[in-house]
Amino acid sequence: MSAKPRRTPVKHKSSIAFFIAPFAALFAAFYLLPIGWAIYQSLLVVERDGTFGKPVEVFGGLTQYFLVFQNEEFWASVGRVLLFGAVQVPVMLGIALVLALLLDSPLVKGKKFFRLAFFVPYAVPGVIAAIMWGYLYSPNLSPFAAFTSEVDLLSPSTVLWSIANVVTWVYVGYNMLIIYSALLALPSEIFEAARLDGANQWQIAWSIKIPLVAPAITLTAIFSIIGTLQLLAEPQVFRSFTSSVSSTFTPNLAVYATSAVPNVSLAAAMSVVLALATFALSFGFLKFTQRKADK
């Protein structure tokens, strides 16, 4: 029988703890404690002594969660962002992948300029980008009034995709940079061997580059799924341009509107349900892609 390998004792444990402590403190203060408080708040209900009695918060168990699952507007907003993500995320990542492959191609000149140009929209805050595009979409304000007066980009049937265009414009460069960084990390010997075998740039991109950067694409997809379910800034800004965006247009807007009633406990329950749904969807996508990769 082979001897079990000895474990190397960890040295300088106090130094490790010293460097981890600031991160752990901030992580607990700004991540764990808010989550714990939201869960606690979601278990409370408000009771009054009579019609005009003083409101008192008492433990209500899962009462708020039952109300969440009965809230049709909340689930309609969830379905809306799922439809949004099913279309917008593949389009955005497809464009990001194409741009990354173009930047990695030896045939493209001026790579530094185009890399910066593609990434610049991400440097624009989401609220500013939404305001800018809102003016472009508005028939009364747009410099393209001849088009926007004929095609209402802020109508109930099109506003979701107008918002999708804003999100795509902002985040394509960010996702492109992640994929492009993965391409730069690939060993050049693989491509040289493929060229010696007679492969052209299209064949190298399709058969070698894309499969090798699949983990980076999966990462950007998970980030995009999480961001889709957290959609807030763009629809909130668009509410000032059109009545097609209601106060419950997205789950986060529904949470915000519920907390403003005020019904903080119900809003907290919505937040917890949304967080669990986001985790389940992103984790399920990750496991699905891992299974596909194993096959």
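First, a word on what this report is: a plain description of the structure on this page.

What counts, and at which threshold
Residues numbered from 1 in each chain as written. Predicted model: local features only at pLDDT ≥ 70, side-chain atom pairs only at ≥ 80, totals over all residues. Heavy atoms only, no water. Helix = DSSP H or I, 4+ residues; strand = E, 2+ residues; numbered from the N terminus. Rg over C-alpha atoms; globule rule 2.2 N^0.38 Å. Buried < 20%, exposed > 50% of the residue type's maximum accessible area, 1.4 Å probe, protein only. Areas by Shrake-Rupley, 256 points an atom, 1.4 Å probe, with all protein chains shown as cover. Salt bridge = Lys/Arg side-chain N within 4 Å of Asp/Glu carboxyl O. Core = buried A, V, L, I, M, F, W, Y, C linked by side-chain atoms within 4.5 Å. Contact = heavy atoms within 4.5 Å. 1 Å grid on protein atoms, 1.4 Å probe; cavity = no way out; pocket = protein on both sides within 12 Å on 5 of 7 lines; lining within 4 Å. Points joined across faces, edges and corners; volume = space filled by probe spheres on them. Nonpolar A, V, L, I, M, F, W, Y, C, P; charged D, E, K, R; others polar. Axes fitted to C-alpha atoms, helices over the stretch in contact; angles between N-to-C directions. Left-handed = near helix turned anticlockwise from the far one by under 90°.

### Some thoughts on the overall build of the protein
Here comes step 1: Looking only at helices and strands, the protein features 13 helices and 2 strands.
Here comes step 2: By the compact-globule yardstick of 19 Å for 295 residues, the protein is too spread out, its C-alpha radius of gyration being 25 Å.
Here comes step 3: If one aligns the C-alpha atoms of the protein with their principal axes, the spans along those axes are about 85 × 80 × 35 Å.
Here comes step 4: Expressed as a percentage of its 295 residues, the buried residues of the protein come to 35%.
Here comes step 5: Just so you have it, the protein exposes about 18,500 Å², and 68% of that area is on carbon and sulfur atoms.

### Comments concerning the pattern of salt bridges
Here comes step 1: Tallying each qualifying case throughout the model produces 1 salt bridge.
Here comes step 2: Across the pair Asp104 and Lys209 runs a salt bridge whose closest N-O atoms are separated by 2.8 Å. In this pair, Asp104 is assigned in helix α3 (residues 72-104) and Lys209 in helix α9 (residues 201-212), connecting sequence segments 105 residues apart. When sorted by exposure, Asp104 lands in the same class as Lys209, which is buried.

### Regarding the nonpolar core
Here comes step 1: Ala100, Met176, Ile179 and Leu183 are the most contacted members of the largest nonpolar core, which has 22 residues in total.
Here comes step 2: Broken down by element, this core gets its largest block of residues, 9 residues, from α3.
Here comes step 3: The contacts of Ala100, once residues within four sequence positions are left out, are Met176, Ile179, Tyr180 and Leu183.
Here comes step 4: Of all hydrophobic cores here, the second largest spans 20 residues; its members include Ala130, Tyr137, Ala164 and Phe249.

### Quick notes on the layout of surface pockets
Here comes step 1: Approximately 600 Å³ is the volume found for the largest pocket.
Here comes step 2: Surrounding the largest pocket, 18 residues form its lining, Ile35, Gln230, Ser271, Ala275 and Leu276 being those nearest its centre.
Here comes step 3: For the lining of the largest pocket, the secondary-structure elements that each account for two or more residues are α1 (13-42) and α13 (264-294).
Here comes step 4: No other element matches α13, which puts 9 residues into the lining of the largest pocket.
Here comes step 5: Taken as a whole, the second largest pocket encloses approximately 360 Å³ of empty space.
Here comes step 6: Looking at the second largest pocket, it is lined by 18 residues, and the ones nearest its centre are Tyr171, Phe223, Ser224, Gly227 and Thr228.
Here comes step 7: Of the residues in the lining of the second largest pocket, the class split is 11 nonpolar, 6 polar and 1 charged.

### Observations concerning the packing of helix α8 (residues 188-196) against α9
Here comes step 1: Packing of α8 against α9 leaves a shortest axis separation of 10 Å and a crossing angle of 145°. α8 and α9 meet at a crossing whose hand is right-handed. Between α8 and α9, the contacting residues are Ile190, Phe191, Ala194 and Arg195 on the first element and Gln201, Ile204, Ile208, Lys209 and Leu212 on the second.
Here comes step 2: Partitioned by chemical class, the residues of the contact of α8 with α9 number 6 nonpolar, 1 polar and 2 charged.

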